[in-house]
Amino acid sequence: MMSDASPMAADSANGVPAPFLSDASGKPRIGTDPASLFAFATLIRDTEKLILDLFSRGLVSGTTHTCLGQELCQMAVVRALDHPDDHVLSNHRNHGHFLSYSGDFHGLVAEIMGRRDGVCGGYGGSQHLAYRHFHSNGVQAGMTGIGVGLAAALKARDSRGIVVTVIGDGTLGEGLLYESMNLASVWQVPVLFVVEHNGIAQTTYTRDTLGGDIVARGAAFGLDTWRVSDREAGFIDAAAAVVAQVRERRRPGMLVIDTGRLGPHSKGDDLRDPGERAALAAADPLAALAACLPADEVAAIRASCAAYLQAVERRALASPAANFDPLPEHSFRPAQAGQVEIPEVADGNVRAALNSALHGLLAAAPETLLIGEDLHDPYGGAFKVSAGLSTKFPGRVISTPISEAGITGAGIGLAMAGRRPIVEIMFADFLSLCLDQLYNHAVKFPGMFPEATVPLVVRAPCGGRRGYGPTHSQSPENLFVSVPGLTVLYPSHRHRVGQLLADAVLRWSNPTLFLEHKLLYGEKCDTADYEILPAGDDDLGAALFPTLRRGSAAPDVTLLAYGGMLPVAERAAKILETQEELAVEIVAPALLAPLPRQTLLQALLDRPRILVVEEAHHHFGVSAEILALLAESAYSGALARLGTLPVPIASARSLESAQLPDEAAIVAAVIDLL
Amino acid sequence: MATPIHVPRINNNDDEVKVLAFDVKPGERVSAGQIVGQVETDKAVLDVTAPVDGYVLGFVAQPDEIAQVGSVMLWLGASASEPIPEAGAPTPDSSTAGPSPVTGKAKLLLARYGVKSDAVTPIDGRITVEAVERYLATHGLAAAAPAPVVAVSRPAEPRPEVPGTAVALSREEKGMAATVVWHRDCAVPGYIEIDYDPAPWAEYARAFQEEKGLLMPPLLPLMAWRLVEVARTMPRINATFVEQQRYEYGAVNLGFTIQAGESLYLAVVREAEVLDAGGFVNALGDVLRRAASHQLRESEASGATIGFSSMERWKVTRHIPVLPPHTAFMLAHAAARNGRAVLGASYDHRVLNGGQVVAALKKLSSPT
Amino acid sequence: MPLTAESIAAEIKARIVAIAAELGDDASELGPDEIIPATGLIDSAGLLDLIAWYEKTYQIPLTQAEINIDNLGTLARMAHFVLLKKGLV
């Protein structure tokens with residue numbers, strides 16, 4: 001049935017050889033003749049039927065979304081990808097894409113059953129799959145920015161590969177899609193957005209949720225656009241031609257494929273009327289293909305598929321339940337060697353130190369690049385941290401559209417492709433726009449897929465005391481420290497802040513949020529009399545991003561403060577020492593997550609009184625975690641915490657200064673603690 | 001009426017700018033729009049111009065000074081002789097309350113001694129540490145304080161007749177003095193030793209080192225570990241004497257003497273009885289390294305319930321150690337001679353008798 | 001001074017010679033690949049002194065697990081370990 005024989009052996013199940021051959025990358029070779037198309041499409045359909053059968057027998061973990069009726073639609077673009085660098089980013093309805101890309105039928109069935117042989121070790125189930133350059137995830141449009149980033153990385157290294165990002169028509173309601181299409185157009189990168197238009201999103205008809213025209217959406221962003229139907233003759237060739245054009249033109253495009261979903265969205269949620277479903281079945285492209293073939297050939301193909309899938313099922317059933325050995329406690333990759341020394345700027349402030357670090361990084365590491373809004377000279381970023389960089393490193397310091405989620409996604413894609421992107425978000429308050437990209441994507445891939453690393457650093461100025469009001473003054477670390485797998489760094493002028501940034505970018509291959517307090521930019525970098533606390537053996541990243549300490553070795557009170565609160569805590573310590581005659585110690589972490597628990601316990605457990613101060617809205621935040629840590633470790637001294645109340649931060653300076661903890665508030669809290 | 005020229009804002013995000021220079025002098029006549037000086041931020045320099053005609057009365061900010069945006073930079077007047085308006089009184093900051101009547105540290109002291117603050121006479125209106133200490137001294141409370149080590153008060157010693165220089169003791173030397181004084185004044189010390197063959201111990205340590213790939217020869221840590229084990233089975237060697245009773249400790253806090261430069265430390269591994277041999281060797285190694293670099297933590301420099309001392313390093317073949325405060329047993333390890341060695345112990349005779357000490361030493365003389 | 005294996009090994013050796021001298025031993029013939037504890041030139045307290053000095057001089061806090069013959073057993077290994085911890089190799 002194959003048009004071209006390959007020396008590569010395809011997947012075989014229990015000695016039953018796969019009824020197709022694969023290329024050097026392991027990707028199935030699917031010919032365009034009716035017999036080849038029918039054979040592979042039948043394999044996909046029968047695999048999904050098998051999955052539904054297993055589901056009804058209670059053998060499937062969770063739920064599944066099938067592409068019954070859309071097999072040709074799902075095969076057409078993926079089968080045409082013949083470059084080893086080609087990427088496919090898919091979504092919840094991904095089995096056809098996955099099988100056309102990987103040919104791993106056993107891996108898919110075992111994965112959906114939650115068995116050890118599953119292609120993603122049981123993490124992914126039906127909708128989160130990874131295989132070489134194939135990734136799918138379960139958030140609508142969530143992968144679109146990532147696709148732009150991957151395509152930008154391909155462009156930067158002059159690869160002929162392209163990225164295909166597949167969405168359904170329901171996803172046309174997601175804003176990130178439009179950020180991504182715009183970015184792709186602005187950057188002119190080879191990404192093809194494929195819209196599989198089956199006219200229904202879960203149970204809601206697209207006609208009830210979509211304004212305007214679909215193809216016009218692509219055209220409006222300057223994308224090349226095409227619209228085809230998988231019910232029409234020549235569809236497979238037309239899809240292949242689109243892939244060839246995107247590969248040739250090296251610019252983004254949008255392909256809309258009209259198709260029809262025969263089954264439900266997921267399970268038991270097909271509420272369409274029987275007449276409509278019958279009409280869809282009558283137009284089934286597989287039936288049309290079968291009609292072109294002699295009956296005995298159709299029967300032979302079906303028999304061969306059935307035999308193969310029986311073997312797949314047997315083998316999947318024989319595979320034991322997926323288990324973790326041992327249960328991973330985190331998904332962080334260890335620190336890497338190879339420090340780029342960032343010289344300390346003599347008498348420089350934090351802004352100068354960060355600027356110097358970025359200069360050093362861009363000069364020393366060609367894989368680094370800076371992405372964000374208004375970074376270019378002569379403006380140099382809202383807080384001037386990127387001043388001079390766009391002039392010195394043209395093409396690697398990129399001012400972007402105002403698309404926080406989109407550029408975070410692009411950063412993830414670039415990072416997955418081996419680059420070391422630094423994304424600047426102008427105000428940390430806007431990180432809420434990036435949350436899905438961090439929470440559901442950046443940290444998920446390294447945790448789910450062992451081969452995926454996302455060395456992304458997102459920098460953001462945060463904090464108040466400038467009268468910027470409720471949406472430009474916040475310290476949102478409390479939200480982000482709770483994201484599993486996300487590193488949160490929030491250094492101060494007492495840390496070697498430039499070196500910390502350089503190490504976060506080059507030596508810490510984990511998605512990282514790097515917070516910078518606006519008021520610290522003008523503070524002189526000075527480690528003063530701080531000493532580095534010995535890092536606990538089990539504390540990830542604690543040696544790379546040290547916690548500092550100063551003051552009495554037998555303190556009456558210990559102030560734990562970080563980031564923008566550190567100068568305030570120091571002023572409070574001075575008052576406590578001079579006016580209250582107290583021996584005061586300050587402990588200043590820069591690494592907030594993963595929390596350096598052992599390091600902190602070693603320093604704090606024998607202290608009589610501890611006050612944790614933070615500028616964030618602190619309920620459920622960093623201080624809460626540190627106090628819980630101490631409580632769980634049978635700390636027997638007195639504890640308190642101080643932060644911002646759960647109300648919006650006012651613009652008026654008089655109100656703001658009453659809201660944010662200051663030195664007087666710290667002194668008062670310490671007195672209360674005695 | 002005088003006209004102020006304010007420090008201008010250059011950048012949205014900078015509240016402070018540097019005053020670079022003034023192009024005018026006090027008394028000079030300027031016209032509206034004339035440049036009077038420059039300010040700069042990290043990135044930009046900005047000319048400051050006169051808003052009206054007038055005479056320069058004087059500067060408030062100075063060149064090279066960092067000035068708040070919006071503060072007055074210089075004054076212009078209608079005539080050169082006009083006075084500069086008085087600076088307005090600074091707005092009182094309502095958030096900064098005055099200092100409390102009792103300092104924080106004084107509060108802690110009052111609580112420790114159970115003294116009410118109104119009993120204490122303030123100094124300059126506040127109850128300070130000094131005020132509390134005066135009260136304590138006049139009420140005879142200081143000596144009863146539950147401080148860890150308190151020197152027994154005694155009449156001032158007469159100065160020696162021979163002239164010399166008084167050198168203040170270091171912290172460690174004070175600790176040593178306190179230990180020796182405790183041994184002399186509080187314990188009823190005795191010393192016993194036995195003769196033993198050190199070869200099995202040496203072989204045991206050698207095998208342990210080889211098995212674990214240790215850099216440090218683990219003989220002394222392993223012997224100390226054996227002491228912990230013996231203390232677990234013989235609670236009376238891990239004890240002290242309090243108010244006419246034997247006080248058996250609930251944990252074995254092993255004190256280990258270590259010489260670091262000029263300082264002699266008793267480095268303590270707390271709750272050693274919950275560790276296994278490997279864990280103990282590691283824990284003691286950590287503590288000893290911190291001692292060697294003079295970075296012992298408070299909890300590691302106090303609280304020993306039993307002691308271990310070795311003078312092997314100095315090729316000493318016998319020594320009689322001093323008992324650390326509140327212990328009853330201090331093992332004395334020494335260098336071997338002609339294949340034999342002695343293992344001794346100083347002990348508090350109120351807690352232990354000779355037979356008990358010998359029994360403990362016999363157990364300690366072999367690794368198993 | 002640039003950190004090279006040679007310069008580090010020379011510094012460490014100088015320290016060992018000084019420690020050995022305190023005990024009346026001469027360590028000047030110590031070779032780069034000799035297992036230091038096996039030479040008997042310095043005893044366990046001397047080794048402790050050496051390790052504390054090593055941590056402080058090169059600013060590399062060690063864990064117990066790292067203090068083994070493989071990492072620190074010879075002059076050459078101690079020098080290499082400095083470079084390793086500093087990310088220079």
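Residues numbered from 1 in each chain as written. Chains lettered and ligands numbered in written order. Predicted model: local features only at pLDDT ≥ 70, side-chain atom pairs only at ≥ 80, totals over all residues.

We now examine the overall build of chain B. In terms of helices and strands, chain B carries seven helices and 16 strands. Per-residue burial for chain B yields a buried fraction of 35% across its 368 residues. Expressed as a percentage of contacts within chain B between residues at least 6 apart in sequence, the contacts between residues at least 24 apart total 57%. (Helix = DSSP H or I, 4+ residues; strand = E, 2+ residues; numbered from the N terminus. Buried ≥ 20, exposed ≤ 12 C-beta atoms within 10 Å, placed from the backbone. Contact = placed C-beta atoms within 7 Å.)

Right, let's talk about the overall build of chain C for a bit. Check the secondary structure of chain C and you find five helices and zero strands. Scored against the burial criterion, the 89 residues of chain C give a buried share of 38%. A sequence separation of at least 24 residues applies to 56% of the contacts in chain C between residues at least 6 apart.

Between its first and last C-alpha, helix H19 (residues 565-579) of chain A extends 21 Å over 15 residues, near the 21 Å set by a 1.5 Å rise per residue. Of all the positions in H19 of chain A, only Met565, Leu566, Val568, Ala569, Glu570, Ala572, Ala573 and Leu576 of chain A are classed as buried. Against the buried residues of H19 of chain A lie strand E19 (548-551), strand E20 (557-560), strand E21 (584-588), strand E23 (609-617) and helix H23 (663-673) of chain A together with helix H1 (104-113) of chain B. Count one or two residues on from H19 of chain A and you reach Glu581 of chain A, which has phi positive near 60°. (Expected span 1.5 Å × (residues − 1).)

With that out of the way, let us pick up the sheet that holds strand E18 (residues 531-532) of chain A. Residues and elements named next belong to chain A. Taken together, the six strands give an open sheet; going across it, the order is E18-E19-E21-E20-E23-E24, and neighbouring strands pair in mixed fashion. Single-partner strands in this sheet number two, and they are E18 and strand E24 (638-644). Sheet topology places E19 next to E21; four bridges connect them, and they run antiparallel. The residue bridging Arg549 from the neighbouring strand is Val587, located in E21. Across the sheet, H19 is in contact with E19, E20, E21 and E23; its angle to E21 comes to roughly 170°. Packing of helix H21 (residues 622-632) onto the sheet brings it into contact with E20, E23 and E24, and relative to E23 it is tilted by some 155°. (Pairing = 2+ DSSP bridges. Axes fitted to C-alpha atoms, helices over the stretch in contact; angles between N-to-C directions.)

Attention now goes to the sheet that holds strand E3 (residues 29-30) of chain B. Residues and elements named next belong to chain B. Taken together, four strands build an open sheet; the order of strands is E1-E8-E6-E3 and the sheet is antiparallel. At either margin of the open sheet sits one strand with a lone partner, and together these are strand E1 (3-6) and E3. Pairing of E3 with strand E6 (residues 54-59), which is carried by two bridges, proceeds in the antiparallel orientation. In the strand pairing of E6, Val30 is matched with Gly54.

Residue and element names in this part refer to chain B. Scored by pLDDT, chain B comes out at a mean of 85, with 91% of its residues at no less than 70. Per-element confidence in chain B is highest for strand E15 (residues 329-333), whose mean pLDDT is 96, and lowest for strand E7 (residues 66-68), whose mean pLDDT is 83. Ignoring residues within four places in sequence, the model shows residues 89-96, a span with pLDDT below 50, making five contacts including any to other chains. (pLDDT = per-residue confidence, 0-100.)

Frequently, the measure chosen for interface size is the accessible area that the parts lose on association. On the side of chain A, 24 residues touch chain B, which itself brings 21 residues to the contact. With five residues, H1 of chain B is the single largest residue contributor to the side of chain B that touches chain A.

Residue and element names in this part refer to chain A. In terms of residue burial, E21 counts as a mostly covered element, since five of its five residues are buried. Of the two faces of E21, both are covered, the one formed by Val584, Ile586 and Ala588 as well as the one formed by Glu585 and Val587. With H19 bridging E20 and its parallel neighbour E21, the resulting β-α-β unit is right-handed. (Right-handed = clockwise from strand over helix to strand, strands pointing away.)

All names here are of chain A. Direction vectors running N to C along helix H4 (residues 105-112) and helix H11 (residues 295-318) enclose 45°, while the axes themselves pass 9 Å from each other. Considering their axes alone, H4 and H11 lie oblique with respect to each other. Between H4 and H11 the crossing geometry is right-handed. On the side of H4, the interface is formed by Phe105, His106, Val109 and Ala110, while H11 contributes Val312, Glu313, Arg315 and Ala316. Taken together, the residues of the contact of H4 with H11 break down into five nonpolar, one polar and two charged. (Parallel < 35°, antiparallel > 145°, perpendicular 65-115°, else oblique. Left-handed = near helix turned anticlockwise from the far one by under 90°. Nonpolar A, V, L, I, M, F, W, Y, C, P; charged D, E, K, R; others polar.)

Glancing now at the environment of Asp662 of chain A. All names here are of chain A. Mapped onto the elements of the fold, Asp662 is located in the loop between helix H22 (653-659) and H23. Among the residues examined, Asp662 registers 21 C-beta atoms within 10 Å and is labelled buried. Expressed as a C-alpha distance, the spacing of Asp662 and Met565, which sit 97 residues apart in the sequence, is 8.4 Å.

All names here are of chain A. Here E20 shows a buried face lined by Val557 and Leu559 and a second buried face lined by Thr558 and Leu560. Across four bridges, the pairing between E20 and E21 is parallel. Its bridge partner lying in E21, Val557 is registered against Val584.

Overall, the predicted model of chain C reaches an average pLDDT of 86, with 98% of residues at or above 70. Both scores are available for the predicted complex, with the pTM at 0.69 and the ipTM at 0.78.

With that settled, consider the environment of Val17 of chain B. Residue and element names in this part refer to chain B. Along the chain, Val17 turns up in strand E2 (residues 16-22). Judged by the 28 C-beta atoms lying within 10 Å of it, Val17 falls in the buried class. When sequence neighbours within four positions are dropped, the list of residues in contact with Val17 reads Val7, Ile10, Val39, Glu40, Thr41, Ala67 and Val69.

A few words now on the packing of helix H2 (residues 71-79) of chain A against helix H8 (residues 235-249) of chain A. Residues and elements named next belong to chain A. The geometry of H2 relative to H8 is characterised by a closest axis approach of 8 Å and an angle of 35° between their N-to-C directions. Every pair of crossing elements has a handedness; the one defined by H2 and H8 is right-handed. Here Leu72, Ala76 and Val77 of H2 come into contact with H8, specifically with Phe235, Ile236, Ala239 and Val243. Of the residues belonging to the contact of H2 with H8, the class tally is seven nonpolar, no polar and no charged.

This part covers the environment of Leu109 of chain B. Residues and elements named next belong to chain B. In this fold, Leu109 is placed in helix H1. A residue is classified by how many C-beta atoms lie within 10 Å of it, and Leu109, with 23 of them, is buried. Taking the C-alpha atoms as reference points, Leu109 and Val132, 23 residues apart in sequence, are found 7.2 Å from one another.

In this section: the nonpolar core. Leu192, Leu489, Leu559, Ala561, Ala569 and Ile666 of chain A are the most contacted members of the largest nonpolar core, which has 206 residues in total. If we ignore the near neighbours within four places in the chain, the residues touching Leu489 of chain A are Leu500, Ala504, Thr512, Phe514, Leu515, Phe545, Ala590 and Leu591 of chain A. In this structure, Phe256, Leu284 and Ala328 of chain B together with Leu50 of chain C belong to the second largest nonpolar core, which totals 85 residues. (Core = buried A, V, L, I, M, F, W, Y, C linked by C-beta atoms within 7 Å.)

For the rest of this paragraph, the subject is unusual backbone geometry. Across the junction of Asp377 of chain A and Pro378 of chain A, the peptide omega takes the value 5°, indicating a cis bond. Position of Pro378 of chain A relative to the elements: it lies in the loop between strand E12 (368-372) and helix H13 (389-392). The omega torsion across Ala593 of chain A and Pro594 of chain A is -5°, close enough to zero to call that bond cis. With respect to the helices and strands, the residue Pro594 of chain A is situated in the loop between strand E22 (591-593) and helix H20 (597-604). If you check the backbone angles, His294 of chain B has positive phi at about 60° while not being a glycine.

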